[in-house]
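# Architecture and fold: a report
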4 protein chains.
Amino acid sequence: MRNEKLISALGNCINHCNYCADACLDEENVKMMKDCIRTDRVCAEVCSSLNQILATGYQNVQGLIDYCIEVCTACADECSKHEHDHCQACAKACRECVEACKAY
Amino acid sequence: MRNEKLISALGNCINHCNYCADACLDEENVKMMKDCIRTDRVCAEVCSSLNQILATGYQNVQGLIDYCIEVCTACADECSKHEHDHCQACAKACRECVEACKAY
Amino acid sequence: MRNEKLISALGNCINHCNYCADACLDEENVKMMKDCIRTDRVCAEVCSSLNQILATGYQNVQGLIDYCIEVCTACADECSKHEHDHCQACAKACRECVEACKAY
Amino acid sequence: MRNEKLISALGNCINHCNYCADACLDEENVKMMKDCIRTDRVCAEVCSSLNQILATGYQNVQGLIDYCIEVCTACADECSKHEHDHCQACAKACRECVEACKAY
């Protein structure tokens with residue numbers, strides 16, 4: 001499959017963002033997690049679009065890759081502020097996704 | 001609801017792109033419609049992401065709006081080449097979406 | 001466009017669920033809103049799938065319509081417990097969506 | 001992460017369906033591929049919803065899993081009629097997804 005490495009990094013990032021956003025809701029300090037939940041959601045959404053578009057032959061994807069790098073970086077920065085395992089794992093998945101986007 | 005006008009234009013564009021992509025499959029000259037089907041799909045996907053993100057308080061959406069304008073314009077250009085009603089209606093919905101993005 | 005009435009009700013429900021889920025994050029009592037946020041997210045996701053599939057000629061959608069009724073009902077029940085305007089408006093959109101699904 | 005095995009099977013199925021739907025457009029006999037393209041699209045959409053919902057703590061997912069089994073089975077049946085590598089690979093991914101849904 002074309003773009004397999006980036007598609008795989010995006011899939012991993014989507015799963016971690018969705019899981020982190022939901023797990024944050026069950027944390028004691030949920031009020032502190034609101035930016036994390038919000039950014040997770042946006043990041044999952046953008047990665048999902050890019051994931052699906054990369055599976056097609058559509059060529060002009062650079063604008064979306066640039067935006068994906070911006071959102072994944074913001075999500076990694078936010079998640080890395082929190083010590084919860086799901087936040088740390090999500091930050092890692094977002095950073096790996098940024099690398100895969102840049103390598104594209 | 002915040003961003004109601006743009007969200008509404010995006011919703012209309014998503015529906016027309018999904019409908020046009022599928023209706024193209026049933027056209028006699030389906031081989032000629034392949035760029036239309038492909039661009040419709042990409043356009044629906046990007047509009048859907050932007051639609052969902054605009055409903056949130058996430059602020060840094062300009063990169064996605066710029067990309068959405070690019071994709072909607074490409075989709076309008078492609079659809080307007082074909083005389084099928086669904087293509088013409090889709091081209092119109094895409095152009096209205098571009099206007100709403102620019103007015104944002 | 002085929003299925004226009006249901007597609008429109010789904011679009012409205014998606015927008016309200018996404019908006020309500022995000023607005024709940026900014027409420028003072030966010031901890032009390034976690035089930036609302038979670039159900040809103042699931043409801044938006046299911047409605048979005050059904051919305052996109054109804055635009056196609058795919059015929060066997062009853063299973064997804066039944067599930068959509070189940071999720072929209074759960075979301076309406078949860079949202080109607082809360083007095084915030086976005087919750088009340090979302091409950092209304094969910095109930096209208098249930099009616100449109102049943103009328104399909 | 002919860003539900004990791006099924007989430008992984010769904011991710012793989014989404015990627016194959018999106019790739020197969022698009023690759024079919026470039027086939028010589030695209031007219032013969034229209035049911036394949038249509039079913040691929042529906043299958044990717046349903047798997048994507050289930051994928052995202054399984055990452056949450058929402059409990060009542062059985063209705064969507066049952067529908068996902070129905071759609072993945074239909075997509076596997078359709079794809080397996082065609083000899084293109086992308087169709088055969090997609091049929092396999094769909095069948096693995098059915099197994100993972102049933103094992104849930």
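If you check an unreviewed UniProt entry, chain A appears there as Ferredoxin from Christiangramia flava JLT2011.

## Thoughts on the interface of chain C and chain B
Taken residue by residue, the interface counts 15 residues in chain C and 15 residues in chain B. The contact between chain C and chain B buries some 1,500 Å² in all, and 53% of this surface belongs to carbon and sulfur atoms. Counting across the chain C and chain B interface gives zero salt bridges. If you look at where chain C meets chain B, you find four residue pairs in polar contact (both at pLDDT 80 or more). Going through the elements one at a time, helix H1 (4-25) and helix H2 (34-54) of chain C are the ones with two or more residues in the side of chain C that touches chain B. At six residues, the largest contribution of residues to the side of chain C that touches chain B is made by H1(C). When its residues are assigned to classes, the side of chain C that touches chain B shows four nonpolar, eight polar and three charged.

## Some words on helix H3 (residues 62-79) of chain C
In this model H3(C) runs 25 Å from its N-terminal to its C-terminal C-alpha over 18 residues, within 8% of the 26 Å that 1.5 Å per residue would give. Check the buried side of H3(C) and you find it contacts H1, H2 and helix H4 (85-103) of chain C together with helix H3 (62-79) of chain D.

## What to know about the relation of the copies chain A and chain B
Take chain A, turn it by 180°, move it 0.0 Å along the axis, and it overlays chain B with an RMSD of 0.0 Å. Expressed as a symmetry operation, the mapping of one chain copy onto the other fits a two-fold axis. Both copies contact each other with a shared surface, as 100% of the interface residues of chain A are interface residues in chain B too.

## A word on the environment of C:Ala44
All names here are of chain C. Tracing the chain through its elements places alanine 44 in helix H2. Separated by 31 residues in sequence, alanine 44 and cysteine 13 have C-alpha atoms that sit 7.0 Å apart. Excluding its chain neighbours within four sequence positions, the residues that come into contact with alanine 44 are Ile14, Cys17 and Asn18.

## Re the side chain of C:Asn18
Along the chain, the position of C:Asn18 falls in helix H1. Within the structure, C:Asn18 has its side chain in polar contact with the side chain of B:Gln52 (distance 3.4 Å). Sequence-distant contacts of C:Asn18, that is, excluding residues within four places in its chain, are made with B:Gln52, B:Ala55, C:Arg41 and C:Ala44.

About the criteria used
Residues numbered from 1 in each chain as written. Chains lettered and ligands numbered in written order. Predicted model: local features only at pLDDT ≥ 70, side-chain atom pairs only at ≥ 80, totals over all residues. Heavy atoms only, no water. Contact = heavy atoms within 4.5 Å. Buried area = accessible area lost by both parts, 1.4 Å probe. Salt bridge = Lys/Arg side-chain N within 4 Å of Asp/Glu carboxyl O. Polar contact = N/O pair within 3.5 Å; in protein donor to acceptor, adjacent residues only side chain to side chain. Helix = DSSP H or I, 4+ residues; strand = E, 2+ residues; numbered from the N terminus. Nonpolar A, V, L, I, M, F, W, Y, C, P; charged D, E, K, R; others polar. Expected span 1.5 Å × (residues − 1). Least-squares fit on C-alpha atoms with pLDDT ≥ 70 in both.

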